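# Chains, contacts and geometry: an overview
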Amino acid sequence: MLRFRSSFKYPLLFGFVVIVALYKNNEPTTTQPDTIAENESSKAPQTNTLDFDNHPSNDIPLELVDNAAESSTASIDSNPNPQIVDTIALKSSQEELEIAIAELELLNSESQSVFTPEFAAILSKAKRHAYNTSNLGHPDALNELADALSHIDKDRLHKSDLFELYQAAYDNAAKNGLIPLALFYEEGKQTSKNQNKAYELIQAAYDLGQKDSAYHLARYYEAGNVVKNDYKKARSLFLSASNEGNSDALVRLGLIAREGYIDNSNPILAKSYFQ
């Protein structure tokens, strides 16, 4: 009987260990409160977030789209980007100016050459958009309008309109329109005659490499007006202007050659310029 008990000693001990192990596995685990909160927050759905890469467009809940749109609009309204606002305003003003210029040109081509109330209204609108565009950082808009008006029949507008626009563009640091403005000062029209101011504007245009500036600068050296007379300098500038396609510069070169202002008179060379 004693032998029988000893033969079952180890199997009984093994069974007891197995039962204890199974009980431990089935025992509920205890989680700390902070850990529970973290797990719950990680499982909580994110609001106002649209994952367009992993979410089929047809399955996106409409309420999420509406919430996201409202959030974006509120953000823009509360914190508008000044640079974006100015860019949009500039583009809009430029487009309105282009439309007004087109209307002026169309009206000029279709009706009689008179200053009508309709033309005056469109001109006023064009000037308003030109000044708005200039104030938004594009002062050459004033030059663009002035250049367009310079091709309008003279009976339709006063020269003062052109001078006003060219002068305003210059005052706002525009780079173009220097030559037309210089001619107003040179001729003393719509402003007091000022040869020094005219020369200053022409020299600035030449330094910027603007077309026809070489021709106008050469005239000052040819005449000895404001600057000392220098026919060699004038001839060099007239040659540069002729290479730009300025036919008046060829006439001046022909006169210099024919009159012998630099070398002896050369009628053959002069004739080649006159042709």
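Everything that follows concerns the structure shown earlier in this document.
These lines cover the structure that appears in this document, whether it is placed above or below.

Thresholds, definitions, all that
- Residues numbered from 1 in each chain as written.
- Predicted model: local features only at pLDDT ≥ 70, side-chain atom pairs only at ≥ 80, totals over all residues.
- Heavy atoms only, no water.
- Helix = DSSP H or I, 4+ residues; strand = E, 2+ residues; numbered from the N terminus.
- Buried < 20%, exposed > 50% of the residue type's maximum accessible area, 1.4 Å probe, protein only.
- Contact = heavy atoms within 4.5 Å.
- Salt bridge = Lys/Arg side-chain N within 4 Å of Asp/Glu carboxyl O.
- Axes fitted to C-alpha atoms, helices over the stretch in contact; angles between N-to-C directions.
- Parallel < 35°, antiparallel > 145°, perpendicular 65-115°, else oblique.
- Left-handed = near helix turned anticlockwise from the far one by under 90°.
- Nonpolar A, V, L, I, M, F, W, Y, C, P; charged D, E, K, R; others polar.

Turning our eyes to something else, we now look at the environment of Leu 142. With respect to the element layout, Leu 142 can be found in helix α7 (residues 140-149). Judged by relative accessible area, which is 0%, Leu 142 ranks as buried. The spacing of Leu 142 and Ala 126 is 16 residues in sequence and 9.6 Å in space, taken between C-alpha atoms. Setting aside residues no more than four positions away along its own chain, Leu 142 makes contact with Ala 130, Tyr 131, Ser 134, Leu 165, Ala 168, Ala 169 and Asn 172.

Checked against the element boundaries, Thr 133 lands in helix α6 (residues 117-135). Leaving out residues up to four positions away in the same chain, Thr 133 has contacts with Leu 90, Ser 93, Gln 94, His 138 and Ala 141.

Turning next to the pattern of salt bridges. A side chain of one charge can pair with a side chain of the opposite charge when the charged atoms of the two come close. For the structure on display, the rule yields 9 salt bridges. The salt bridge partner of Lys 127 is Glu 164, with a shortest N-O separation of 3.3 Å. Of this pair, Lys 127 sits in helix α6 while Glu 164 sits in helix α8 (residues 159-171), and the two are 37 residues apart along the sequence. Overall, Lys 127 belongs to the buried group, its relative accessible area being 17%.

What follows concerns the environment of Ser 134. Assignment of secondary structure puts Ser 134 in helix α6. In this structure Ser 134 comes out as buried when scored by relative accessible area, which is 6%. With 38 residues separating them along the chain, Ser 134 and Asn 172 place their C-alpha atoms 7.6 Å apart. Setting aside residues up to four positions removed in sequence, Ser 134 forms contacts with Pro 139, Leu 142 and Asn 172.

Between helix α10 (residues 195-207) and helix α11 (residues 213-223), the least distance of the axes is 9 Å, while the angle of their chain directions is 140°. By the criterion of interaxial angle, the relationship of α10 to α11 is oblique. Both α10 and α11 take part in a crossing whose hand is left-handed. Across the interface between the two elements, Gln 195, Ala 198, Tyr 199, Ile 202, Gln 203, Ala 205 and Tyr 206 of α10 pack against Ser 213, Ala 214, His 216, Leu 217, Tyr 220 and Tyr 221 of α11. Considered class by class, the residues forming the contact of α10 with α11 number 9 nonpolar, 4 polar and no charged.

As a further point, take the side chain of His 216. Checked against the element boundaries, His 216 lands in helix α11. Each residue touching His 216, except ones within four places of it in the same chain, is listed here: Ile 179, Leu 183 and Ile 202.

So, about unusual backbone geometry. The phi angle at Ala 173 is positive, at roughly 70°, despite the residue not being glycine. Turning to its location among the elements, Ala 173 is positioned in the loop between α8 and α9 (178-187). With relative accessibility at 55%, the residue Ala 173 sits in the exposed group. Phi is positive for Asp 212, close to 75°, though the residue is something other than glycine.

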